Amino acid sequence: MELYKTHGISVMFVAGAILLVLASLLFLNKIVEINLYETYFIISKKTLATGLAIALFFFALVYLVFSRTGQPLNEKFGWIHFLLTVLGGLILICAPIANSAPGDYQTMRQNMVFLSKLSLISFGVFCLGQVILIINIARFYLQK
């Protein structure tokens, strides 16, 4: 608790990043297949988890730099940013894996369409979190 009082919301971003790095060890060979306009994007879940962890470390640095100026960013906006960022990333990372077993093409196609929509929704939630960060930073400079 003392650590949170001294460093603020940046502690939550660091803790989330460490947990994602540990979770990425579970996703060694799992992939996410996204179908957009007949183009298939195949991304490793380990790469997604590692990339999100790096982003969380970067956001922790942003909040830490602002807290060192004497006037930290708004904590409520920081929590909203944290929750939307982590939620968007975790939905994508924990999405079910497409069933690539041979056989029923129609079921596989429906599953891929569902996963593509889920991926777009999670990316939208992640981007909404970044908009909250921009609003928080703009609010910080406009209050001066």
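Provided above is the structure to which this section pertains.
Presented here is an overview of the structure given in this document. (Residues numbered from 1 in each chain as written. Predicted model: local features only at pLDDT ≥ 70, side-chain atom pairs only at ≥ 80, totals over all residues. Heavy atoms only, no water.)

**Digging into the environment of Val-86**
Its location among the elements puts Val-86 in helix H4 (residues 75–93). For Val-86, a relative accessible area of 17% puts it in the buried group. In sequence terms Val-86 and Ala-53 are 33 residues apart; their C-alpha atoms lie 9.5 Å from each other. (Helix = DSSP H or I, 4+ residues; strand = E, 2+ residues; numbered from the N terminus. Buried < 20%, exposed > 50% of the residue type's maximum accessible area, 1.4 Å probe, protein only.)

**Side note on the packing of helix H2 (residues 10–24) against helix H3 (residues 45–68)**
As a packed pair, H2 and H3 sit with axes 8 Å apart at the nearest point and diverge in direction by 165 degrees. Comparing their axes, H3 and H2 come out roughly antiparallel. For the crossing formed where H2 meets H3, the hand is left-handed. Of the residues in H3, those in contact with Ser-10, Phe-13, Val-14, Gly-16, Ala-17, Ile-18, Leu-20, Val-21 and Ser-24 of H2 are Lys-46, Ala-49, Thr-50, Leu-52, Ala-53, Leu-56, Phe-57, Phe-59, Ala-60, Tyr-63 and Leu-64. (Axes fitted to C-alpha atoms, helices over the stretch in contact; angles between N-to-C directions. Parallel < 35°, antiparallel > 145°, perpendicular 65-115°, else oblique. Left-handed = near helix turned anticlockwise from the far one by under 90°. Contact = heavy atoms within 4.5 Å.)

**A closer look at the packing of H2 against H4**
Here H2 crosses H4 at 10 degrees, and the two axes come no closer than 11 Å. Between H2 and H4, the interaxial angle falls into the category roughly parallel. Only Gly-78, Trp-79, His-81, Phe-82, Leu-90 and Ile-93 of H4 make contact with H2, whose side of the interface consists of Met-12, Phe-13 and Leu-20. Among the residues making up the contact of H2 with H4, the classes are represented as 7 nonpolar, 2 polar and no charged. (Nonpolar A, V, L, I, M, F, W, Y, C, P; charged D, E, K, R; others polar.)

**Here's the deal with the environment of Val-65**
Secondary-structure assignment places Val-65 in helix H3. Along the primary structure Val-65 and Ser-10 are separated by 55 residues, whereas in three dimensions their C-alpha atoms are 9.5 Å apart.

**Let's talk about the packing of aromatic side chains**
Scanning all chains against the criterion turns up 8 aromatic pairs. Relative to Phe-82, the ring of Phe-13 has its centre 5.1 Å away and its plane inclined at 85 degrees; by these criteria the two rings are edge-to-face. A residue pair is termed long-range when its members are at least 10 positions apart, and Phe-13 in helix H2 and Phe-82 in helix H4 qualify at 69 residues. Per residue, the accessibility class of Phe-13 equals that of Phe-82, and both read buried. Ring geometry for Phe-66 against Phe-140: centres 4.9 Å apart, planes inclined by 80 degrees, an arrangement best described as edge-to-face. (Phe/Tyr/Trp six-rings, centres within 6.5 Å; stacked < 30°, edge-to-face > 60°.)

**A closer look at the nonpolar core**
The biggest cluster of nonpolar side chains holds 23 residues, and the ones touching the most others in it are Phe-13, Leu-20, Leu-56, Phe-59, Tyr-63 and Ile-93. When contributions to this core are tallied by element, the ones reaching two or more residues are H2, H3, H4 and helix H5 (105–143). It is H3 that contributes the most residues to this core, 11 residues altogether. With residues near it in sequence (within four places) discarded, Tyr-63 still touches Ile-9, Ser-10, Phe-13, Leu-73, Phe-77, Gly-78, His-81, Leu-133 and Asn-136. (Core = buried A, V, L, I, M, F, W, Y, C linked by side-chain atoms within 4.5 Å.)

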